[in-house]
Amino acid sequence: MQAQFITLDGIDGAGKSTNLAVIQNWFETRNLPVLFTREPGGTPVGEALRKILLNPATQAGLRTETLMMFAARCQHIESVIAPALARGTNVVSDRFTDATFAYQGGGRGVPPADIAALENWVQGSLRPDLTILLDVPLKVSMQRIGRNRKKDRFEQEEAAFFTRVRAAYLNRAAADPGRYAVIDSNRTHEAVQQSIEAALNKHFRLRPKSLL
Ligand code: TMP
């Protein structure tokens, strides 16, 4: 099997950070080569753009914000993701282009066709092999974000914004069920962990850890 490109996505407060550790552990247990990275970020250019994008003082128009996301992504693909996949290392990215369709598209109203054009230009044929989409009701997301003392530029958005972001994620997943594992993240940590592990086992056609 070729190296796999896996992305983890979902609205703010969906539990990505906690569950990245689950994915990390899954790869470690099986001794599979893997590189963990994130967007926006993953390279010096990307991390610099991340600072600008998440800074509440930044005033950027819709298209500027979208282009910055793709500028960070372009550098990320060229210098990190593509080389890793080419040398046989699986890549797990904490967010990828689904986030642009959800946040800039669903949340801010950038036409999906414009995002798709940038996707084709920047990514060529590169698409995630598997996207783990963590889903929580808005109320849960808002409660979790509310616990952050200092909210970033996106976390400061109102509930209606995140309602649109969540709907965009779920619509994309519904349109391409083969690529997405939609995981109800509003359950116990153990239940979510089991679902993530099951999705990875299925994708890699591996047996559950209990049977190893
Ligand atoms: P996170 O690392 O905590 O997920 O923060 C990244 C923020 O950036 C999050 O609020 C989602 C947002 N984002 C976009 O709006 N568009 C994108 O394409 C990406 C990758 C992230």
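Residues numbered from 1 in each chain as written. Predicted model: local features only at pLDDT ≥ 70, side-chain atom pairs only at ≥ 80, totals over all residues. Heavy atoms only, no water.

## A short note on the packing of aromatic side chains
(1) Moving on: For the structure on display, the rule yields ten aromatic pairs.
(2) Moving on: Centre to centre, the rings of W26 and F204 are 5.2 Å apart; their planes meet at 45°, and the pair counts as tilted. Of the two residues, W26 sits in helix α1 (residues 16-29) while F204 sits in helix α8 (residues 189-204), which places them 178 residues apart along the sequence. The same class applies to W26 as to F204, namely buried.
(3) Moving on: Between Y103 and F154 the ring centres are 5.8 Å apart and the planes differ by 85°, which places this aromatic pair in the edge-to-face class. Of this pair, Y103 sits in helix α4 (residues 97-107) while F154 sits in the loop between α6 (138-146) and α7 (159-175), placing them 51 residues apart in sequence. Neither Y103 nor F154 differs from the other in exposure class; each is buried.
(4) Moving on: Put simply, the rings of Y103, F154, F161, F162 and Y169 touch in pairs and so form one group of aromatic residues.
(5) Moving on: The cationic tip of R73 hangs over the ring face of F96; the distance from NZ or CZ to the ring centre is 5.3 Å.
(6) Moving on: In this structure, R172 is placed above the aromatic ring of F101, and the distance from its NZ or CZ to the ring centre is 3.8 Å. (Phe/Tyr/Trp six-rings, centres within 6.5 Å; stacked < 30°, edge-to-face > 60°. Helix = DSSP H or I, 4+ residues; strand = E, 2+ residues; numbered from the N terminus. Buried < 20%, exposed > 50% of the residue type's maximum accessible area, 1.4 Å probe, protein only. Lys NZ or Arg CZ within 6 Å of the ring centre and 35° of its normal.)

Fair warning: the whole summary comes from geometry, so function is off the table for now.
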